[in-house]
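Residue strings, one per chain:
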Amino acid sequence: MTTFALLLGGFLGLVAGSELLVRGAVRLAAAMKISPLVIGLTIVAFGTSAPELAVSVSSALAGQPDLAVGNVIGSNIFNTLLILGLSALIVPLVVHQKLIVFDVPIMVGVSILLLLFAQDQQISRFEGAGLFAGIILYTVWCVIAGRRESAAVRKEYSVEYSDETPASSTESLRHRLLRMAGYLGLVAAGAALLVLGSNWMVEGAVEVARWLGVSELVIGLTVIAAGTSLPEAATSVMAAVRNERDIAVGNAVGSNLFNIMSVLGLTAVVAPKGLAVSSEALRFDLPVMVVAAILCVPIFVTGRQISRSNGAVLLCGYVVYVSVLVFQATWGTGG
C-alpha cells in the first residue's frame, strides 16, 4: 500500500506541479508582454515536459538509468501514437506548414541522432550537452519565427495563452508587483511539487518493478511515461475539443523535441558518468520511437491533416507496442 501511495502521490504531485508551473509561467510571460504564440511554442512546451525532466534527472541521480531513458522513450511513443491518435479521433487535426517543413524533420533527425548516440549503450555527457545546445537553438528560432506566423495562428494562441488578468492603465505599481509575485509563487510551488512528485514516483516505480518481477525499463516505458505525459495529453486533447488544432499537434511534436534534447540531454549532463542505455531499449524501444517519428511524415504531408482514420492507425500502433512489451515481460518472467 505504501508503494502505491508513493506512485499515486507522485502522479498527483507531477500533474499539479506542472499545472501550477505552466499557469504561473504563462501569466508571468503574458504580463511581460511576451507574444502568446512564443509562450505556446516555448514556455508551455517546457512546462508540459517538466515532469519528464524531474523524473529522469531524479532517476539518473538515484542510479536508475533505465527509468530515466525509458521515461523519455516511452513518453515520445505515447505522445506520437496515443495522444495524437486520440486527439485526431476527436477532430481531424490540421497540420501547420511550419511543422511539415521544420519541426517534424527535426523530430525525426534528433530521434535518429539519439539512436546513433546510443549505439555504444551510453549517452555521454558530451553528447547530452550537444542535445541540450540543440534545444537552445530551436527555442531561439521559435521566438524569431513566431513573429512571422499567420494572423489565424497568432489569434489561436492568443486565445489560449494571453494574460487572463491584464494590467489596467490605472493599476498601481504596488498591485502590479503583487500580481507578478503571485505568478512567481505559482512557478515556485509548481517546481517544488515536481521535485517532490518525481522523487516519490521514482521510489514507487522501483518498488513496483521489484514486486512484479519486471525490469525498471518496462516500468519507465509504460507507467512512468504515461504518468509524466499527462500534461501533454490534457493539453492536446482539450485543444482538440476546443478546435484549437494547431495547438493540439504542435504540443505533441514540441514535447517530443523537448524530451530528447532538453530532458535526455540535461539528464546525461548531470549524471556523473553519462546515461547508460540498456540493450533492450537499443534493440526494440528506441527503433519504435524512431519509426513512430518517421510515420508522422507521410501522415502529416497527406492533406496536411491527421484524419480520424490516421488517428485510429496511430492508436492501434500504441496498443500493439504495449502488447509486445507485456508479452515480452510475461514471457521473460515465465521463462
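Let me sum up the structure you'll find in this document.

Procedures and definitions
- Residues numbered from 1 in each chain as written.
- Predicted model: local features only at pLDDT ≥ 70, side-chain atom pairs only at ≥ 80, totals over all residues.
- Heavy atoms only, no water.
- Helix = DSSP H or I, 4+ residues; strand = E, 2+ residues; numbered from the N terminus.
- Buried < 20%, exposed > 50% of the residue type's maximum accessible area, 1.4 Å probe, protein only.
- Contact = heavy atoms within 4.5 Å.
- Areas by Shrake-Rupley, 256 points an atom, 1.4 Å probe, with all protein chains shown as cover.
- Axes fitted to C-alpha atoms, helices over the stretch in contact; angles between N-to-C directions.
- Parallel < 35°, antiparallel > 145°, perpendicular 65-115°, else oblique.
- Left-handed = near helix turned anticlockwise from the far one by under 90°.
- Phe/Tyr/Trp six-rings, centres within 6.5 Å; stacked < 30°, edge-to-face > 60°.
- Polar contact = N/O pair within 3.5 Å; in protein donor to acceptor, adjacent residues only side chain to side chain.
- Core = buried A, V, L, I, M, F, W, Y, C linked by side-chain atoms within 4.5 Å.
- Nonpolar A, V, L, I, M, F, W, Y, C, P; charged D, E, K, R; others polar.
- Expected span 1.5 Å × (residues − 1).
- Bend = angle between axes of the 7 residues up to and from the residue.

1. Concerning the overall build of the chain
Counting its secondary structure elements, the chain contains 13 helices and four strands. Burial status across the chain gives 52% buried among its 335 residues. For the chain, restricting intrachain contacts to residue pairs at least 6 apart in sequence, the fraction spanning at least 24 positions comes to 86%. When the accessible surface of the chain is totalled, it reaches about 14500 Å², and 70% of it is carbon and sulfur.

2. Observations concerning the packing of helix α4 (residues 65-90) against helix α10 (residues 230-241)
It is at 9 Å that the axes of α4 and α10 come closest, and there the two elements cross at 20°. Between α4 and α10, the interaxial angle falls into the category roughly parallel. In this structure, the crossing between α4 and α10 has a hand that is right-handed. Here F78, N79, I83, L86, S87 and I90 of α4 come into contact with α10, specifically with E232, A233, S236, V237, A240 and V241.

3. A closer look at the packing of aromatic side chains
What describes a pair of aromatic rings is the distance from one ring centre to the other and the angle between the planes of the rings. Applying the stated criterion to the full structure yields six aromatic pairs. Ring centres 6.3 Å apart and planes at 10° place the aromatic pair F102 and Y138 in the stacked group. Of this pair, F102 sits in helix α5 (residues 97-117) while Y138 sits in helix α6 (residues 125-146), and the two are 36 residues apart along the sequence. Accessibility expressed as a relative area gives 22% for F102, which makes it partly exposed. What makes Y138 buried here is its relative accessible area of 6%. Every member of this aromatic cluster is reached through a ring pair, and the members are F78, F284, Y318 and Y321.

4. Here's the deal with the side chain of T139
As for its position among the elements, T139 is in helix α6. T139 gets classed as buried once you look at its relative accessible area, which sits at 16%. In this structure the side chain of T139 is engaged in a polar contact, spanning 2.8 Å, whose partner is the backbone oxygen of I135.

5. Some thoughts on the nonpolar core
In terms of nonpolar packing, the biggest core is built from 65 residues, with L93, L286, F300 and I306 touching the most fellow members. The greatest single-element share of this core, amounting to twelve residues, is contributed by helix α11 (residues 245-270). Core analysis: the next-biggest nonpolar cluster, separate from the first, contains 16 residues, L7, L14, V202 and A205 among them.

6. Focus: the packing of α4 against helix α12 (residues 279-301)
Contact geometry of α4 with α12 gives a least axis separation of 10 Å together with a crossing angle of 35°. Where α4 crosses over α12, the handedness of that crossing is left-handed. Packed against α4, whose contacting residues are I73, N76, I77, T80, L81 and L84, the element α12 presents A281, D285, L286, V288, M289, A292, C296 and F300 at the interface. The class makeup of the residues in the contact of α4 with α12 is eleven nonpolar, two polar and one charged.

7. Things to note about α12
With 23 residues, α12 should reach 33 Å at 1.5 Å per residue; the first-to-last C-alpha distance of 34 Å fits that figure. D285 marks the point of greatest bend in α12, at about 35°, and the proline P287 comes within the next four residues. Of all the positions in α12, only A281, L282, D285, L286, V288, M289, V290, A292, A293, C296, I299 and F300 are classed as buried. Following α12 by one or two positions, G303 has its phi on the positive side, about 70°.

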